[in-house]
Amino acid sequence: MSRSTTEPMLDLDPATIRTARSLARKAGAPVVSMAKRHTTVSVERAVLRLAGLEGADVEGIPWVNRLVDVVREDAGLEHGVSLPVWDAMLRTGDDLLTVAQKAAAGSVTFRVPEGKDATKAAKASRAQVAAGIRRIDTSRRQRDKLIAKYGQPPAPWIYLIVATGDIYEDMPQAQAAAREGADVIAVIRSTGQSLLDYVPEGPTREGYAGTYATQANFRLMRAALDETSKELGRYVRLTNYASGLCMPEIASLAGLERLDMMLNDSMYGILFRDINPVRTFVDQRFSRQIHARAGIIINTGEDNYLTTADAVEAAHTVTVSQLLNEYFAKEAGLENWQLGLGHAFEINPDIPDSFRMELAHAMLARALFPDAPLKWMPPTKHMTGDVFRGYLLDGFFNLAGALTGQGILLVGMMTEAVVTPWLSDRDLALQNVRYVFNAAGNLREDFRPARDGYIANRARQVLGEAVDLLDRIVDDTLLNAIADGTFGLMKRPADAGRGLDGVVKKSSGYLNPATDLLEEGATR
Amino acid sequence: MSRSTTEPMLDLDPATIRTARSLARKAGAPVVSMAKRHTTVSVERAVLRLAGLEGADVEGIPWVNRLVDVVREDAGLEHGVSLPVWDAMLRTGDDLLTVAQKAAAGSVTFRVPEGKDATKAAKASRAQVAAGIRRIDTSRRQRDKLIAKYGQPPAPWIYLIVATGDIYEDMPQAQAAAREGADVIAVIRSTGQSLLDYVPEGPTREGYAGTYATQANFRLMRAALDETSKELGRYVRLTNYASGLCMPEIASLAGLERLDMMLNDSMYGILFRDINPVRTFVDQRFSRQIHARAGIIINTGEDNYLTTADAVEAAHTVTVSQLLNEYFAKEAGLENWQLGLGHAFEINPDIPDSFRMELAHAMLARALFPDAPLKWMPPTKHMTGDVFRGYLLDGFFNLAGALTGQGILLVGMMTEAVVTPWLSDRDLALQNVRYVFNAAGNLREDFRPARDGYIANRARQVLGEAVDLLDRIVDDTLLNAIADGTFGLMKRPADAGRGLDGVVKKSSGYLNPATDLLEEGATR
Amino acid sequence: MSAARVTSTPAVTGPRGGKAASHIVRPYGDATGDGMVQLSFTLPLPHDKRAEGAAQLFASKMGMDPAMVVHAKAMGPDFTFFVVYGPVHHLVDTRDVVIVERDYPLLPPKEVNSLIKKTLHRPLVVVGACIGTDAHTVGIDAILNIKGFAGEKGLEYYTEITVVNLGAQVSVPDLVEQARVHRADAVLVSQVVTQRDAHLHNTREMSAAFREAFPADRRPLLVVGGPRFDELATAQLGVDRIFGRGTTPGEVASYLVSALVPPATPTSTTRSSTARSTSSRPATSRKKAS
Amino acid sequence: MSAARVTSTPAVTGPRGGKAASHIVRPYGDATGDGMVQLSFTLPLPHDKRAEGAAQLFASKMGMDPAMVVHAKAMGPDFTFFVVYGPVHHLVDTRDVVIVERDYPLLPPKEVNSLIKKTLHRPLVVVGACIGTDAHTVGIDAILNIKGFAGEKGLEYYTEITVVNLGAQVSVPDLVEQARVHRADAVLVSQVVTQRDAHLHNTREMSAAFREAFPADRRPLLVVGGPRFDELATAQLGVDRIFGRGTTPGEVASYLVSALVPPATPTSTTRSSTARSTSSRPATSRKKAS
Ligand code: B12
Ligand code: B12
Ligand SMILES: Cc1ncc(COP(=O)(O)O)c(C=O)c1O
Ligand SMILES: Cc1ncc(COP(=O)(O)O)c(C=O)c1O
């Protein structure tokens, strides 16, 4: 389907759209300033990772965890890890890894340096972290080069999942999926990883319904897909999840290892992993600054709301969340082309006009975010063990994607309600995509919803409800809205949830060379 | 989907449409006059059936066959059976059945009466045949009454097939299908029936991939569906096949037993059963006169061409055949609402834009025959053993039906390439129809092919090719076109094929009271 | 629109013997006794005649005869996907089917409440959770939240039931602790992720922990649910009851009173042999398995 | 348009043991050896727990363990449709797979023609038909008509083959008569309708008629084809060769020369044991089965 054809018009009121955006900014701004006032253990560990600290102790606890824990005990984290750590390095003459090992062994203690010591430590840490940032820059340039060489695939990008739990199984399956037509490969993570307050080390072979995200796994998979990209003459993108308690570290590793897209939603962890809201927003801001720098496209998770809330009743919460995600993303430096805002085909298929309503919702997103790629998620909630019906539903999902010009198409599986996808499920699913796009992709030219018809009216209604909800959120604060179950019907108070103890209020002397480099756009 | 919404416009040139129709008339007229100049054994047997001759001899040969054969031997058929038979009845004082029995036993001989005898025989035959025609009229009135009572189902009518081969199995399966949502039940015929030059008698239990069409079976099934119609408060239509060597008789029985729709194509028997073309056209004209009188909707068989010829290359042959079928139907007295002109979703699904091309073809038919119900046939040729793919394809077939406002939807089965439909296939297929029409039926409102877009251009192209072909047919005669493999790639010369020996040239003294009554619209 | 008429409640009358008294059944394709089934699978073989033969042989080992390989598609050089149709010779005697019968009366919320009130003289306490790393709360919420499921209100709606919903990703020690703190009469656990039998491992870990933490007569009733459990597996998993796909809150509430509250009305005595067989609570507080 | 890139020729590399040397295979869902399959069928039972149990029991008789009934839908009061997933324990040894190997070289039309010319010194005569009431001519036409199938020209294209295509619905006596009139070297019969085994009955009737009408050494080669034949059934059906789904004209032409014309180039001698075993023509005019 060509992008050049007349875009179907929804005729939304531009003033309403402006209102919606400014309300989202108002709702998000207090959260941003709260995020700026805090740091987290994971943000600090990410700084150390950027500075090049890799590896783990014999128990598999990463050195970054060991080090941050000891620093926190010795000196608190209000000032960040950088000053105490580089101060110690300067004092001992040890390198970062040695200091970490010594810290674990209890043979070094940390303090918050002052005066000249502080200046020296700050400078040293900045120099070392800048090297990491430059590695991210190099990765980005390399990606740009490959894309320039192979060309950008036309929209929508076909997005397929692998989830064997074993990186050595994932690699050939991912390569196979790429050969079958996937533009993007996502390696699903093991169910438990987001609750781990550390990033596992090394190549892993024993995930549960997914494979652990580790730096080594990132590297292996990127290499495998680079090989396949070369074979196919087409750049195959790699995706993982910057979510959970280690979001900032995972984002950093993704930047270093040239991942191309990351699932990264401003509220997913809060709602669906019961991670503390403050922790999440702090971690999220840092992660997005990294993604912005790394040229990574983020995928947000609005689809998830529709698995717990009703896709018709809660349609406007998707819009609100997209606007918030957009605001937080832009604030962190991401550009429009990096915003894979999520939405999903999750309306109960028994509802009259369900398909047209899906089109209305999808077009609304398309109209609100004309320059964002948008990630179109397949039906999951209303999939059943009736795999024939499921295959049909996925076909109509594909058709909706084609008619509304989605940017990233996550391919639906007929066995959604049964098992994690089989080899044959993926093959059948791609056959479905192929049929629909080949046979009816250009139908978009003939799709012209009337300006006052069912579809346009529905889109306007959802936008109106979104504005109303944003209004209420601005009044009552976003944190309260989250606590009240506004999103996905999940109630998450700001003072509960996992990882709260990893949140630390910054002191006035707080230093984070990574944030500084990112915000300044500097390389040294 | 409501009929009141703006019809998508194809913007066809009205002059071209007029040309196409007038060419069809020119191509068909010689065939009609040829048909008028001939009679066939089956036409004559149909007259006897209308006169009330039922039953068969001990070998199962119907009395109508016995009688016509003896008359033909004794007196020839150039004058029709009516004069010789009623002359014999008047001479012997026997009733019709007795004369038939005596004829079979050789105890009566026939002659062509002349003068007063002829006048008397003519009068007597007309009186007796008129009673049959009045029974047809009564059936029609009864149907009208039931429809007035229950209301007409909205379009498209859901058309389902039963094909167990056993009328006593067919009945409950048909009732079940009706309860599941079928508006029309078709009882498929046994593979061999069309080649039989007689209509089997009585209820039958041993068909091959279908059930024999007999008067008793018609009666049983109509009664079963009347019962279900009552139960559902919805008139369930019954369909069978006026095709094969006994087309006129089957049509008459359908009229008598209140069947509601009949498969009845002007060329199907020629092309796909190798029945002699002259035989077919003669039989067809009589059948259609009966259908016209009985208020039966005919279904034509253009879909069949696309199983042997390519649906893209041969698209215009479908249009040509529809125009010819329309001409022959109108000539025989059928009205627009009785023309279930056939077309099918048979384009190779691997072809780019195949779905849009299907839409173009379907809209062309819709635009050419705005007042005919049109029968939309599902994919068969490109169905494979991949039942998942088949289920998806059927979904898009249903969508095309919804978008183009088809009148009769023959429900596609995912097992098309495997077996005659299973109980579960029908259930899954109806679920498919339900989903598509419920979720996307109204999408027709949003479907507006551009006046100069792909769809409109393709429709114009097919219409243009149809006109060209009609031109050539007019030049070279329709019979030659059929002989040359123009339709469905089947070559059928006018002097070959089955049933030719049953064709008889009429003498100037030919009498057929049924034709007279039908053409005069008389009841006595 | 026609869809309104194409109702979703078909009522097929069995053509041949649908109503036959026989207990012996086989699959029905288009006629009684034809035994027809549809099967699909992948073999790790390149697509060629031999692979098709292997598919046919495999299907015939499953009892299809003749097995018709109606579709074969190469998926890369090493795998082939097959669709097979054909009749299967196996028969099922419906009398051999072992199921967990509902061995308690289905009671409306009002009766459940009044039974608890009359007999327990205090609210019945239910602690619910998704354990392990499972974050699928929709199922347990369907049972517990007021909103409920399939038109039935959840347990929170019952005035005499106190619901403590711990949510997702609850560790077993936390669950045991919370059950103790809240003096749970019943613990309701949901498990949706089943990859590598996660649901079975987690359930066994959970029941063992409760057995260790509580004396037999004080252990709360252990109930698990999720779409892929075998309801017959109570003994193997060490729980009192298992609920599967499509469970409604009313069923759970009714079961809980029948198990925890002496019945006011006589109930059926044909309890499944496994139900509660692992419990050793006094019969006064819980109805024993027969 | 993205579809252009989503090619239809995937090339999966087997993750686990796709290339394993082992002859023992099981279905592959998501991992080697998982044995996973998908199954669907209808039981003539009203939809209730017992019916689901019966479905599970039936699937387990087919070798699925555990059999997960993931979908059950009432179809009227007397029938229920099921979808079942699960692992199957049966194994297939690919060495046990019996197939009809192509036991003749695939020759291009030119070579077929020159072989016939050189050896027979006259055109080879083929009479083709759909017999019985079967009117499905597309299959036999694909083999006979010039247009051909799958990019290969049909037998009419071969200068040294004379094709007499009798079309559809040909009765057996007519076919025998036409074979005699045209001095057919081979008779090619198509059967597509298989309901109630029509194809098998018709084929047996046909081969018996030829056996009766011709002395053994003058009987034409009998070849049948159609999408649902078992290619191994030559002996039972009394024919010389059976061709199934997806046959191409080139295969048929090559077979015909190998069977009717002494080979110019040595061909493989590993003929399937059933092929031609029913023939007793002299080896000079036809190659004998080994
Ligand atoms: C919604 C959903 C999600 C939501 C969950 C939101 C939430 N808060 O619950 C989100 C998007 C977060 C999610 C995430 C994931 N999901 Co999910 N998800 C689903 C989905 C679409 C629907 C499940 C559902 O809500 N069903 C509706 C409820 C009402 O049904 P139910 O759970 O069966 O409950 C009923 C009964 O079983 C019973 N019941 C259930 N529990 C209990 C307990 C008791 C005590 C009782 C009495 C009864 C009872 O009563 C309920 C009402 O009848 C399914 C696919 C599908 N269509 O089924 C996949 C699915 C369950 N998810 C799956 C997976 C793998 C995941 C992930 C692990 C993927 C990943 N690696 O990232 C993640 C991680 C989740 C985690 N850590 O657990 C797989 C599981 C595969 C398997 N069999 O192991 C599925 C099947 C999808 C698939 N094919 O891959 N998922
Ligand atoms: C086209 C078609 C028709 C056309 C036939 C037109 C024609 N002139 O051939 C029409 C519309 C007329 C038709 C009618 C009917 N059909 Co029809 N039809 C089909 C359809 C859609 C495609 C068949 C086809 O052309 N395949 C393509 C060819 C190339 O494949 P093939 O036949 O397998 O041939 C290949 C090989 O098998 C082999 N081969 C075949 N013959 C031979 C012979 C020799 C000697 C050799 C070497 C090789 C060989 O080589 C070929 C090339 O590879 C199928 C459904 C489907 N998608 O398969 C139903 C199907 C075959 N029809 C079916 C039925 C029941 C009928 C009817 C009986 C229905 C009715 N009661 O009215 C009628 C009556 C026909 C009759 N009397 O036989 C059923 C058969 C069910 C069964 N298994 O018994 C099917 C499967 C549909 C269904 N699911 O119900 N049909
Ligand atoms: C936006 C988003 N983030 C993250 C995840 C992955 O979750 P986890 O953090 O459990 O790996 C998902 C799952 O689908 C998601 O949608
Ligand atoms: C137009 C038409 N007539 C008749 C038939 C039935 O054929 P037969 O005459 O073999 O019963 C068909 C079959 O589909 C058809 O399409």
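Residues numbered from 1 in each chain as written. Chains lettered and ligands numbered in written order. Predicted model: local features only at pLDDT ≥ 70, side-chain atom pairs only at ≥ 80, totals over all residues. Heavy atoms only, no water.

Thoughts on the coordination of the cobalt atom of ligand 1
Right, so step 1: Counting protein donors around the cobalt atom of ligand 1 gives one, H136 of chain C (NE2), at 2.1 Å.
Right, so step 2: Note that H136 of chain C resides in the loop between β6 (124–130) and α3 (138–144). (Donors = N, O, S within 2.8 Å, 3.2 Å for Na, K, Ca; no water. Helix = DSSP H or I, 4+ residues; strand = E, 2+ residues; numbered from the N terminus.)

What to know about the site of ligand 2
Right, so step 1: Taken together, 44 residues form the shell around ligand 2, and within it I188, E416 and V419 of chain B together with H136 and T137 of chain D come nearest.
Right, so step 2: Residues lining ligand 2 come from chains B and D.
Right, so step 3: At a separation of 3.1 Å, an oxygen atom of ligand 2 approaches a polar backbone atom of P227 of chain D.
Right, so step 4: Those elements that provide at least two residues to the shell around ligand 2 are α10 (268–273) and α12 (302–308) of chain B together with α3 (138–144) and β8 (186–190) of chain D.
Right, so step 5: Tallied by class, residues from the shell around ligand 2 come to 20 nonpolar, 19 polar and five charged. (Near = heavy atom within 4 Å. Polar contact = N/O pair within 3.5 Å; in protein donor to acceptor, adjacent residues only side chain to side chain. Nonpolar A, V, L, I, M, F, W, Y, C, P; charged D, E, K, R; others polar.)

Comments concerning the nonpolar core
Right, so step 1: Ranked by size, the top nonpolar core spans 347 residues in total, and within it L67, F355 and F396 of chain A together with L67, F355 and F396 of chain B carry the most contacts.
Right, so step 2: What L67 of chain A contacts, discounting residues up to four positions off in sequence, is L48, L53, V85, L96, V99, A100, A103 and F110 of chain A. (Core = buried A, V, L, I, M, F, W, Y, C linked by side-chain atoms within 4.5 Å. Buried < 20%, exposed > 50% of the residue type's maximum accessible area, 1.4 Å probe, protein only. Contact = heavy atoms within 4.5 Å.)

A word on the interface of chain D and chain C
Interface size is commonly expressed as the accessible surface area that is lost when the partners come together.
Right, so step 1: Contacts between chain D and chain C engage 60 residues on the former and 60 residues on the latter.
Right, so step 2: Summing the contributions of chain D and of chain C, the shared interface buries around 5,000 Å²; its carbon and sulfur component is 61%.
Right, so step 3: Viewed at the interface, chain C and chain D are joined by six salt bridges.
Right, so step 4: R245 of chain C serves as the salt-bridge partner of E52 of chain D, at 3.0 Å between the closest nitrogen and oxygen. (Buried area = accessible area lost by both parts, 1.4 Å probe. Salt bridge = Lys/Arg side-chain N within 4 Å of Asp/Glu carboxyl O.)

Side note on the confidence of the model for chain C
Residues and elements named next belong to chain C.
Right, so step 1: Predicted confidence across chain C gives a mean pLDDT of 85, with 83% of residues reaching 70 or more.
Right, so step 2: pLDDT under 50 marks residues 1–20. Its contacts with residues more than four places away, or in other chains, come to 68 contacts.
Right, so step 3: Below pLDDT 50 for its whole length, residues 266–290 participates in 66 contacts with residues either more than four positions away or in separate chains.
Right, so step 4: Quick note on the complex model: pTM equals 0.93, ipTM equals 0.93. (pLDDT = per-residue confidence, 0-100.)

Quick word on the site of ligand 3
Residue and element names in this part refer to chain A.
Right, so step 1: By nearness alone, every residue bordering ligand 3 is listed as R189, S194, Y241, S243, L263, D265, Y268, R273, G301 and N304.
Right, so step 2: In the environment of ligand 3, an oxygen atom lies 3.0 Å from a nitrogen or oxygen atom belonging to the side chain of R189.
Right, so step 3: A distance of 2.7 Å separates an oxygen atom of ligand 3 from a polar side-chain atom of R273.
Right, so step 4: For ligand 3, whose accessible area on its own is 400 Å², the fraction buried by protein is 87%.
Right, so step 5: Partitioned by chemical class, the residues of the shell around ligand 3 number three nonpolar, four polar and three charged. (Areas by Shrake-Rupley, 256 points an atom, 1.4 Å probe, with all protein chains shown as cover.)

Details of the pairing of strand β7 (residues 161–165) of chain D
The side chains of a regular strand alternate between the sheet's two faces.
Right, so step 1: Of the pairings in the sheet, the one linking strand β6 (residues 124–130) of chain D to β7 of chain D comprises five bridges and is parallel in character. Residue pairing across strands places V126 of chain D opposite V163 of chain D, the latter belonging to β7 of chain D. (Pairing = 2+ DSSP bridges.)

Remarks on the packing of aromatic side chains
Right, so step 1: As enumerated under the stated definition, the model contains 42 aromatic pairs over all chains in all.
Right, so step 2: Ring plane angle 65° and centroid distance 4.9 Å describe the contact between F41 of chain C and F58 of chain C, whose orientation is recorded as edge-to-face. Of this pair, F41 of chain C sits in strand β2 (residues 36–43) while F58 of chain C sits in helix α1 (residues 49–61), and the two are 17 residues apart along the sequence. Grouping residues by exposure puts F41 of chain C and F58 of chain C together as buried.
Right, so step 3: An angle of 85° between the planes, with centres 6.4 Å apart, marks the rings of Y157 of chain D and Y158 of chain D as edge-to-face.
Right, so step 4: On the accessibility criterion, Y158 of chain D (3% relative accessible area) is buried. (Phe/Tyr/Trp six-rings, centres within 6.5 Å; stacked < 30°, edge-to-face > 60°.)

Points about the relation of the copies chain D and chain C
Right, so step 1: Superposing chain D onto chain C takes a rotation of 180° combined with a translation of 0.0 Å along the rotation axis, leaving an RMSD of 0.1 Å. Accordingly, the operation relating the two chain copies is best matched by a two-fold axis.
Right, so step 2: Interface overlap between copies is the fraction of interface residues in one copy that are interface residues in the other; for chain D against chain C it reaches 100%, indicating a shared surface. (Least-squares fit on C-alpha atoms with pLDDT ≥ 70 in both.)

Structural notes on empty space enclosed by the protein
Residue and element names in this part refer to chain A.
Right, so step 1: The space that makes up the largest cavity amounts to roughly 150 Å³.
Right, so step 2: Around the largest cavity, the lining comprises 17 residues; the ones closest to its centre are A315, V318, H343, H361 and A362.
Right, so step 3: Elements supplying a minimum of two residues to the lining of the largest cavity: α13 (315–331), β8 (342–344) and α14 (354–368).
Right, so step 4: For the lining of the largest cavity, the element with the highest residue contribution is α14, accounting for six residues.
Right, so step 5: Classifying every residue of the lining of the largest cavity gives 12 nonpolar, four polar and one charged. (1 Å grid on protein atoms, 1.4 Å probe; cavity = no way out; pocket = protein on both sides within 12 Å on 5 of 7 lines; lining within 4 Å. Points joined across faces, edges and corners; volume = space filled by probe spheres on them.)

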